[in-house]
2 protein chains.
Amino acid sequence: MGEILSANRIEGVVRKDVPERVISRLPIYLQTVETIAATGQDTVSSEDLAARSGVSPSILRKDLSQLGRSGTRGVGYSCPELAATLRTFLGLDRDRRVAIIGAGRLGSALADYAGFRRRGLRLTAVFDIDEEKIGTSIGALTVSSLDDLPAWSEDIDLVVMAVPAAAAPAAAQKAVEAGVRGILNFSPTVLDAPDTVRVHQVDLASELQVLAYYSALDTAPLNPGFEEHRN
Amino acid sequence: MGEILSANRIEGVVRKDVPERVISRLPIYLQTVETIAATGQDTVSSEDLAARSGVSPSILRKDLSQLGRSGTRGVGYSCPELAATLRTFLGLDRDRRVAIIGAGRLGSALADYAGFRRRGLRLTAVFDIDEEKIGTSIGALTVSSLDDLPAWSEDIDLVVMAVPAAAAPAAAQKAVEAGVRGILNFSPTVLDAPDTVRVHQVDLASELQVLAYYSALDTAPLNPGFEEHRN
DNA sequence: CGGTGTGAAAACTTTCACAGCA
DNA sequence: TGCTGTGAAAGTTTTCACACCG
């Protein structure tokens, strides 16, 4: 499940194996540095960039140092240079092509997200199995039949799954067969896929349940007078 | 940012401080064990439950052992008992009240999610600032003005932010002032909030960018003939 | 001078392997 | 016997603190 691939070969250059934890923070840095660059500020310190990204300055410096030296001592990081480095490293210099499976409310909402292009992603197709939806428009796209997915396999790198839990495994199977390299799964189901396909899970209820746990901490006990059970 | 609270007092019982990593896996176990229970299977081994939850058996056993002994040696875990333990531990035995801020496409789609009740969550309100949307219905709820949020403060534990990035900080501020305990933020902005409020970020583009990175690994090098640089 | 880059230490997480119990 | 619960080992991530350089 979600094994880390170890070859790490991009454009022929073999890189130090960068941990997934680090990779998952890079998009945040990218977004933050773009926001800062948009204000006209040309350089930024690790302290400032870290604060705005919600991480510690030392972790930010460690993370960025793994992409090669990218800052200037005594000055900070050049916003445009850093943004370019991050985009290249993440493979966003050439647009990644994304398809959404599921043209219901959630799928349509995600398809609507205006930031795709700006963030190096291109929405190329939307699929559904519902005859009612096939042929309708979502933004500039027309909903295709999921059965036609194989025909698109050359034009899809990543898939967003926005279908009911029951439909997810079969749809994922089709995506895998079509050769997609990653699946972002909004259905509340653990999907299994071969090691060549990365699956990330986003589950509304699970996230809220974690928050629910923390929301119950530190509140007045409902049942005072009870005491510590230890084994 | 997102400091771990340390008091950990639930219903008067002081617990071992359970790491966030562990907490974030519990909802998955809960969902998996409920699915298994629904098939009529009464007990489950750590090996089986782990495989279906996408984790290793040892990590599953370690995680569950932190909730107190919950299995039976030689047998496995009782599905109904384990589900009850997890629900209680996560604080889901009494429904957590959730509000959605943002009645656009995404907010409506999330409000529509059928699993709330079953998963210990109750959607109590939907807010927006757009006069056009206020007063319209989403499912059984009527969209309220965000300005009325303070009046609801007693009825909201958690908030889901589904507004454009530009509107997120102000909306989060209102939620914090109303005393919510957690925010699940779908806007692509890092929100800062006091330590008493936990903020989790879910960003479509960031998730896809991480997948994009991995999708570029192990593909045929664009620039073959280059060889391994090792330090 | 000021802020990055980085070893070394500390903290945390996962895996291993097996004791112990139903 | 079979599978949980758990110490101890291995591995990973974060923090610290400071050398180094523009």
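Because the structure is a prediction, the values reported are computed rather than measured.

Rules and cut-offs
- Residues numbered from 1 in each chain as written.
- Chains lettered and ligands numbered in written order.
- Predicted model: local features only at pLDDT ≥ 70, side-chain atom pairs only at ≥ 80, totals over all residues.
- Heavy atoms only, no water.
- Helix = DSSP H or I, 4+ residues; strand = E, 2+ residues; numbered from the N terminus.
- Buried < 20%, exposed > 50% of the residue type's maximum accessible area, 1.4 Å probe, protein only.
- Contact = heavy atoms within 4.5 Å.
- Expected span 1.5 Å × (residues − 1).
- Arc of directions from axis to C-beta.
- Polar contact = N/O pair within 3.5 Å; in protein donor to acceptor, adjacent residues only side chain to side chain.
- UniProt positions renumbered as here; feature names shortened; annotations may be inferred.
- 1 Å grid on protein atoms, 1.4 Å probe; cavity = no way out; pocket = protein on both sides within 12 Å on 5 of 7 lines; lining within 4 Å.
- Axes fitted to C-alpha atoms, helices over the stretch in contact; angles between N-to-C directions.
- Left-handed = near helix turned anticlockwise from the far one by under 90°.
- Nonpolar A, V, L, I, M, F, W, Y, C, P; charged D, E, K, R; others polar.
- Points joined across faces, edges and corners; volume = space filled by probe spheres on them.
- Pairing = 2+ DSSP bridges.
- Phe/Tyr/Trp six-rings, centres within 6.5 Å; stacked < 30°, edge-to-face > 60°.
- Lys NZ or Arg CZ within 6 Å of the ring centre and 35° of its normal.

> Got a minute to help me understand the side chain of Ser70 of chain A in this structure?
All names here are of chain A. Counting through the fold element by element, Ser70 comes out in the loop between helix H3 (57-65) and strand E4 (71-72). Take Ser70: its relative accessible area is 14%, and that puts it in the buried class. In contact with Ser70, other than residues within four places in its own chain, are Leu64, Tyr77 and Leu82.

> Explain helix H4 (residues 79-90) of chain A to me, please; I cannot follow it from the model alone.
Note on helix geometry: an α-helix contains 3.6 residues per turn, so any two residues three or four positions apart are oriented the same way. All names here are of chain A. A rise of 1.5 Å per residue sets the reference length of H4, with its 12 residues, at 16 Å; its end C-alpha atoms lie 16 Å apart and thus fit the reference within 8%. Where H4 is concerned, the buried positions are Cys79, Leu82, Ala83, Leu86, Phe89 and Leu90. Buried residues along H4 cover an arc of 135 degrees about the axis, so they all sit on one side. The opening residue of H4, the one whose side-chain oxygen lies 3.3 Å from the backbone nitrogen of Glu81, is Ser78.

> Got a minute to help me understand the UniProt feature "binding site: NAD(+)" (unreviewed entry) in chain A in this structure?
Under the present numbering, the feature "binding site: NAD(+)" (unreviewed entry) in UniProt falls on Gly102, Ala103, Gly104, Arg105, Leu106 and Gly107 of chain A. The annotated residues named above include Gly102, Ala103, Gly104, Arg105 and Leu106 of chain A as those lining the second largest pocket. Examined against the element boundaries, Arg105 of chain A turns out to sit in helix H5 (residues 105-112). On the accessibility criterion, Arg105 of chain A (47% relative accessible area) is partly exposed. Discounting chain neighbours no more than four positions away, the residues touching Arg105 of chain A are Ser108, Ala109 and Asp112 of chain B. By the element assignment, Gly107 of chain A lies in helix H5. By relative accessible area, which is 1% here, Gly107 of chain A ends up buried.

> Help me understand the packing of helix H1 (residues 20-38) of chain B against helix H4 (residues 79-90) of chain B in this model?
A packed helix pair is summarised by two numbers, namely the angle formed by the two axes and the spacing between the axes. All names here are of chain B. Taken N-terminus to C-terminus, the directions of H1 and H4 make an angle of 145 degrees; their axes are 9 Å apart at the nearest point. Between H1 and H4 the crossing geometry is left-handed. Contact residues: Ile23, Leu26, Pro27, Tyr29, Leu30, Val33, Glu34, Ile36 and Ala37 in H1; Cys79, Leu82, Ala83, Leu86, Arg87, Phe89 and Leu90 in H4. Among the residues making up the contact of H1 with H4, the classes are represented as 14 nonpolar, no polar and two charged.

> For this particular structure, what's the right way to read the layout of surface pockets?
Over the atoms, a rolling probe the size of a water molecule traces out where space has been left empty. Put simply, the second largest pocket is a space of about 660 Å³. Lining of the second largest pocket is provided by 31 residues; of these, Leu106, Ala162, Val163, Pro164 and Ser187 of chain A occupy positions nearest its centre. Elements that contribute at least two residues to the lining of the second largest pocket include exactly H5 and helix H6 (168-177) of chain A together with helix H5 (105-111) of chain B. Among the elements that make up the lining of the second largest pocket, the one with the highest residue count is H6 of chain A (three residues). Of the residues assigned to the lining of the second largest pocket, the class counts are 21 nonpolar, three polar and seven charged.

> Can you walk me through the sheet that holds strand E8 (residues 137-138) of chain B in this structure?
Hydrogen bonds between backbone groups are what pair the strands of a sheet, and the pairing can be parallel or antiparallel. Residue and element names in this part refer to chain B. Within the open sheet, the seven strands sit side by side as E8-E9-E7-E6-E10-E11-E12. Their pairing is mixed. The open sheet is flanked by E8 and strand E12 (198-201), the only strands paired with a single partner. On the sheet, helix H6 (residues 168-177) packs against strand E6 (96-101), strand E10 (158-161) and strand E11 (182-185) and is oriented at approximately 170 degrees with respect to E10.

> Help me out: how do you make sense of the environment of Val126 of chain B in this one?
All names here are of chain B. With respect to the helices and strands, the residue Val126 is situated in strand E7 (residues 121-128). Note: C-alpha distance between Val126 and Ser108 (18 residues apart in sequence) is 8.8 Å. For Val126, the residues in contact, after removing those within four places along its chain, are Ile100, Ala103, Ile138, Leu141, Thr142, Val143 and Ser144.

> When you look at the packing of aromatic side chains in this model, what are you seeing that I'm missing?
Each pair of aromatic rings is reported with the distance of its centres and the angle of its planes. Inspection of every chain in the model, using the stated rule, returns eight aromatic pairs over all chains. Their ring planes at 15 degrees and their centres at 5.1 Å tell us that Tyr213 of chain A and Phe89 of chain B sit as a pair that is stacked. Highlighted residues: Tyr213 of chain A in helix H7 (residues 204-216) and Phe89 of chain B in helix H4, drawn from two different chains. Overall, Tyr213 of chain A belongs to the buried group, its relative accessible area being 0%. Pairing Phe127 of chain B with Trp152 of chain B gives two aromatic rings, centres 5.9 Å apart and planes at 90 degrees, and the pair type is edge-to-face. With Phe127 of chain B in strand E7 and Trp152 of chain B in the loop between strand E9 (141-145) and E10, this pair connects stretches of sequence that are 25 residues apart. Judged by relative accessible area, which is 0%, Phe127 of chain B ranks as buried. With relative accessibility at 26%, the residue Trp152 of chain B sits in the partly exposed group. Feature note: the residues Phe89 of chain A together with Tyr213 and Tyr214 of chain B constitute an aromatic cluster, connected by ring pairs. Positioned above the aromatic ring of Tyr214 of chain B is the side chain of Arg198 of chain A, whose terminal nitrogen or guanidinium carbon lies 3.7 Å from the ring centre.

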